[in-house]
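Per-entry structural report
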Amino acid sequence: MKRVTLELGGKSPNIILEDADLDQVIPMAVFGAYMNSGQACIAPTRLLVPENRLDEVNKLAKKAAEQVKVGKPDEEDTLVGPMVSTRQFERVQSYIRLGQEEGATLLAGGEGKPQGLEEGNFVKATIFTNVRNDMRIAQEEIFGPVLSIIPYANEEEAIAIANDTAYGLAAYISSSDQEHAERIAARIDAGRICINGFSHDPYAPFGGFKQSGIGREYGVFGLEAYLEPKAILM
């Protein structure tokens, strides 16, 4: 019998707490959602923000999206390249249509290809706002440059929304108070949580909860998957 370690994707929440500096964290959140052209298992594609600051968030997110260059991979300032295949391009387009049908507000991007890039599998840098967490664009992994902004009323609701997913690979939290962020992180069901930025440590275990997989990569935890314990009883 073979044992396996499986990393199976995610729909990672990015929780912006009330005390976070929006001018700093919202552009970072937008750019982070588009990592690897949005084709990243750990991409923070659910942006959870205080509902009383939604208008401010929308303005900052739209401005950040307008600065995102969708282009050819060999151009140095490209942030979002093409989808991996025509099939994936069409899949992402179907989710952009679905988001509008579900009643989310299209803040940036949308259907179709960016001007001048009609020959490739390029998707516009897209943002939906006023998203409910029960919408399919909030629950299903799109694997393209599509970000969903979800407002929350208070921190308890933010935690509930973050955990209301079939996935549990990664999560992100932004706050001006690190201890505050750590208390929230302890209540999030995700295998890896980054506070105030996007970090990686090859000694730290990487893997998910729930439908995001089983087992862990990296560090001692990654090596343990290759070992068989033996017991000798006297």
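A brief structural summary. (Residues numbered from 1 in each chain as written. Predicted model: local features only at pLDDT ≥ 70, side-chain atom pairs only at ≥ 80, totals over all residues. Heavy atoms only, no water.)

1. Focus on the side chain of Asn 58
- The residue Asn 58 is located in helix α2 (residues 54-66) in this model.
- You can call Asn 58 buried: its relative accessible area is 11%.
- In terms of polar contacts, Asn 58 uses its side chain to reach the side chain of Thr 129, at 2.8 Å.
- Residue contacts for Asn 58: discarding those within four places in its chain leaves Leu 107, Thr 129 and Ile 149. (Helix = DSSP H or I, 4+ residues; strand = E, 2+ residues; numbered from the N terminus. Buried < 20%, exposed > 50% of the residue type's maximum accessible area, 1.4 Å probe, protein only. Polar contact = N/O pair within 3.5 Å; in protein donor to acceptor, adjacent residues only side chain to side chain. Contact = heavy atoms within 4.5 Å.)

2. A few points about a nonpolar patch on the surface
- A cluster of nonpolar residues, Val 4, Leu 6, Leu 8 and Ile 214, forms a patch on the protein surface that exposes about 340 Å² of accessible area.
- Within the secondary structure layout, Leu 8 lies in the loop between β1 (6-7) and β2 (13-16).
- Residue Leu 8 is classed as partly exposed on the basis of its relative accessible area, which comes to 45%. (Patch = residues over 30% accessible without salt bridge, like charges linked within 9 Å, V, L, I, M, F, W, Y side chains within 5 Å. Areas by Shrake-Rupley, 256 points an atom, 1.4 Å probe, with all protein chains shown as cover. Salt bridge = Lys/Arg side-chain N within 4 Å of Asp/Glu carboxyl O.)

3. A few points about helix α5 (residues 155-163)
- Along α5, the positions that sit buried rather than exposed are Ala 158, Ile 159, Ile 161, Ala 162 and Asn 163.
- Check the buried side of α5 and you find it contacts β2, β3 (46-50), β6 (146-152) and α6 (178-185).
- The N-cap of α5, judged by a side-chain oxygen 3.2 Å from the amide nitrogen of Glu 156 a few residues on, is Asn 154.

4. Side note on the side chain of Thr 45
- Among the structural elements, Thr 45 can be located in the loop between α1 (22-33) and β3.
- With residues up to four places along the chain from it excluded, the contact list for Thr 45 reads Lys 11, Ser 12, Ala 33, Val 146, Leu 147 and Ser 148.

5. A short note on a negative patch on the surface
- Taken together, the side chains of Glu 18, Asp 19, Asp 177, Glu 179 and Glu 182 present a region of like negative charge at the surface.
- Relative to the assigned elements, Asp 19 resides in the loop between β2 and α1.
- Judged by relative accessible area, Asp 19 falls into the partly exposed class, the value being 30%. (Lys, Arg positive; Asp, Glu negative; His and termini not counted. Charge placed at Lys NZ, Arg CZ, Asp CG, Glu CD.)

6. Observations concerning the pattern of salt bridges
- Scanning all chains against the criterion turns up eight salt bridges.
- Of the charged contacts in the structure, one is a salt bridge between Lys 69 and Glu 75, with a shortest N-O distance of 2.8 Å.
- Residues Asp 134 and Arg 132 are paired through a salt bridge, measuring 3.0 Å at the closest nitrogen-oxygen approach.
- The exposure class assigned to Asp 134 is exposed, which follows from its relative accessible area of 56%.
- Because the salt bridges share partners, they merge into one network encompassing Lys 69, Glu 75 and Asp 77.

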